[in-house]
Amino acid sequence: MACVFFNKNKIMLTENYNVIGVMSGTSLDGIDIAYINFKKTKSWKYEILFAKTYKYDKDWKNKLETSHYLRNNELEVLNVHYTELLASRIKEFIQENSIREIDLIGSHGHTIFHQPSEGYTFQIGNIQDLANYLGKTVVCDFRIGDILLGGQGAPLVPIGDLLLFKKYDACLNLGGFANISIKSKNEIIAYDICAVNTVFNFLSKKLKLEFDNEGLNARKGKLIKDLYFKLTDLKFYKIKPPKSLGIEWVKAEVFPLLEYFSTYPIFDLLHTYLIHISEEIAKNLNQSNSTLITGGGAYNIFLIEQIRKYSSTELILPGKSLIDFKEALIFGFLGVLKYRDEINCLKSVTGSKIDHSSGKIFHP
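Now for a look at the structure at hand.

Criteria and cut-off values
Residues numbered from 1 in each chain as written. Predicted model: local features only at pLDDT ≥ 70, side-chain atom pairs only at ≥ 80, totals over all residues. Heavy atoms only, no water. Helix = DSSP H or I, 4+ residues; strand = E, 2+ residues; numbered from the N terminus. Buried < 20%, exposed > 50% of the residue type's maximum accessible area, 1.4 Å probe, protein only. Contact = heavy atoms within 4.5 Å. Areas by Shrake-Rupley, 256 points an atom, 1.4 Å probe, with all protein chains shown as cover. Lys, Arg positive; Asp, Glu negative; His and termini not counted. Charge placed at Lys NZ, Arg CZ, Asp CG, Glu CD. Expected span 1.5 Å × (residues − 1). Phe/Tyr/Trp six-rings, centres within 6.5 Å; stacked < 30°, edge-to-face > 60°. Lys NZ or Arg CZ within 6 Å of the ring centre and 35° of its normal. Pairing = 2+ DSSP bridges. Axes fitted to C-alpha atoms, helices over the stretch in contact; angles between N-to-C directions. Polar contact = N/O pair within 3.5 Å; in protein donor to acceptor, adjacent residues only side chain to side chain. Salt bridge = Lys/Arg side-chain N within 4 Å of Asp/Glu carboxyl O. Core = buried A, V, L, I, M, F, W, Y, C linked by side-chain atoms within 4.5 Å.

1. Quick notes on the overall build of the protein
So, step 1. In terms of regular secondary structure, the protein is built from 13 helices and 14 strands.
So, step 2. Every one of the 364 residues in the protein was classed for burial, and the buried ones make up 55%.
So, step 3. Across the protein, the fraction of contacts at a sequence separation of at least 24, relative to all contacts at a separation of at least 6, is 68%.
So, step 4. Entry remark: accessible area of the protein is about 16900 Å², with carbon and sulfur atoms responsible for 52%.
So, step 5. The average position of the 44 basic charges and that of the 40 acidic charges among the side chains of the protein differ by 4 Å.

Now the structure itself:
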């Protein structure tokens with residue numbers, strides 16, 4: 001909503017939005033929901049007012065982990081049921097925090113397939129039903145428009161990095177994947193670097209753990225040189241941006257290597273993979289003077305230590321709210337930009353034909 005304030009000799013237009021941002025990542029930590037106020041005067045400002053992660057139960061984790069095996073009609077059923085889950089969690093969040101003012105809900109959905117080279121991406125939870133269940137305007141399905149314009153459909157976060165986090169030279173997210181936005185003057189490039197928690201969590205399960213807390217188990221291990229060299233030689237790392245990754249790549253390229261070396265202790269596999277990605281991430285940081293780090297991987301103390309070891313850039317770890325909810329924040333922001341019909345997807349990032357305003361708007 002826009003408010004006009006009069007001041008003797010001039011009119012200053014201040015724009016103010018109360019938004020819920022929703023994100024579910026490939027690491028399956030849960031559904032991140034944030035209630036944010038966005039204001040625009042000369043530039044955009046934000047404040048995270050409330051935020052919470054709603055964990056997936058075992059049943060939903062299993063459904064999402066195995067969803068890529070489903071047939072089309074089964075995927076349609078999953079889409080409907082997931083949308084119901086998403087709506088129930090958002091309603092719960094609204095009630096818990098007694099939220100009354102909501103201009104829109106910006107939601108990423110949950111990625112099942114991401115194959116940009118095939119011109120295909122699919123996120124569940126991005127249907128009209130979500131707006132109907134909630135009785136609120138929903139902006140979602142941000143990736144498909146970019147794919148149709150020849151882009152990667154990812155990363156989508158960089159427009160937020162450019163407009164909301166101007167003081168940092170780069171923004172690094174360590175979630176299911178590591179992705180980076182690098183700024184130069186008023187331009188930005190961004191791309192995926194490697195898989196992070198999708199692999200750590202896969203290996204941690206073999207230790208009957210959900211994740212490797214602070215990288216403690218990776219720290220115990222030793223480097224498996226042959227595995228290290230095979231990981232380093234993966235073709236994706238040699239591709240120039242724009243480029244993006246999906247879970248399909250991890251299952252086709254990384255998991256088979258880990259299985260091949262499965263006779264080694266899990267500690268050694270975790271250690272080797274962590275050292276490998278620390279170096280890959282550092283290669284992409286050393287052009288930057290300051291880098292903001294967010295995402296669940298920011299809590300992996302051993303990983304951060306190793307990135308610092310291999311990189312000369314200043315690594316900045318913000319407070320817990322931003323580490324955990326930056327992506328939910330930015331998907332709320334993407335919703336605002338789409339609602340205003342302003343650019344929220346950059347060709348310099350995704351490789352699409354033009355900068356554009358991506359996403360679908362559903363009214364109840």
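2. Re helix α2 (residues 72-96)
So, step 1. The end-to-end C-alpha distance of α2, which contains 25 residues, comes to 36 Å, matching closely the 36 Å that a straight helix rising 1.5 Å per residue would cover.
So, step 2. Listed as buried for α2 are L75, L78, N79, Y82, T83, L85, L86, A87, I90, F93 and I94.
So, step 3. Taken from the residues just after α2, S98 is the one with a positive phi, measuring 50 degrees.

3. Some details on the packing of aromatic side chains
So, step 1. Counting across every chain of the model gives 16 aromatic pairs.
So, step 2. A centroid spacing of 5.4 Å and a plane angle of 35 degrees characterise the contact between F38 and F333, whose relative ring orientation is tilted. Separated by 295 residues along the polypeptide, F38 in strand β3 (residues 31-40) and F333 in helix α12 (residues 320-339) bring together distant segments of the chain.
So, step 3. What makes F38 buried here is its relative accessible area of 0%.
So, step 4. Ring geometry for F236 versus Y237: centroids 6.4 Å apart, planes at 75 degrees, classification edge-to-face. Exposure class is identical for F236 and Y237. Each is buried.
So, step 5. Over the ring of W60 we find K63, and its NZ or CZ is 4.6 Å from the ring centre.
So, step 6. Directly above the aromatic system of F165 lies the positively charged group of K326, at a separation of 5.4 Å from the ring centroid.

4. With respect to the sheet that holds strand β9 (residues 170-174)
So, step 1. The five strands lie next to each other as β11-β10-β9-β12-β13, forming an open sheet whose pairing is mixed. With partners counted over all chains shown, the strands left at the sheet margins are β11 (187-195) and β13 (314-316), one partner each. When the angles between neighbouring strand axes are averaged without regard to direction, this sheet yields 20 degrees.
So, step 2. Examined bridge by bridge, β9 and strand β12 (residues 290-294) share four bridges and lie parallel to one another. Residue N173 lies in a different strand from β12, and its bridge partner there is T294.

5. Brief notes about the side chain of T121
So, step 1. Looking at the element boundaries, T121 is found in strand β7 (residues 120-124).
So, step 2. Looking at T121, its side chain comes within polar contact range of the main-chain oxygen of F113, at 3.4 Å.
So, step 3. In terms of polar contacts, T121 uses its side chain to reach the side chain of H114, at 3.0 Å.
So, step 4. In this view, T121 contacts F113, H114, R143, I144 and I147; residues no more than four positions away in its chain are not counted.

6. Quick word on the pattern of salt bridges
So, step 1. Applying the stated criterion across every chain, the model contains 15 salt bridges.
So, step 2. Here E65 ties to K205 by a salt bridge, and the two come within 2.3 Å at their closest N and O atoms. Taken as a pair, E65 in helix α1 (residues 58-65) and K205 in helix α6 (residues 197-205) lie far apart in primary sequence, 140 residues in all.
So, step 3. On the basis of relative accessible area, K205 is assigned to the partly exposed category, the value being 46%.
So, step 4. Close ionic contact of R219 with E305 constitutes a salt bridge, the shortest N to O distance being 3.0 Å. Of this pair, R219 sits in helix α7 (residues 216-220) while E305 sits in helix α11 (residues 301-310), and the two are 86 residues apart along the sequence.

7. Side note on the nonpolar core
So, step 1. In this structure, L172, L174, V199, W249, V250, V254 and I281 are the most contacted members of the largest nonpolar core, which totals 49 residues.
So, step 2. Residue assignment for this core shows that the elements contributing at least two residues are β9, β10 (177-184), β11, α6, α8 (225-232), α9 (247-260), α10 (266-283) and α11.
So, step 3. With eight residues, the single largest contributor to this core is α10.
So, step 4. In this structure, L172 is in contact with A178, N179, I180, I193, I281, L285, T291, L292, I293 and T294, ignoring residues within four places of it in sequence.

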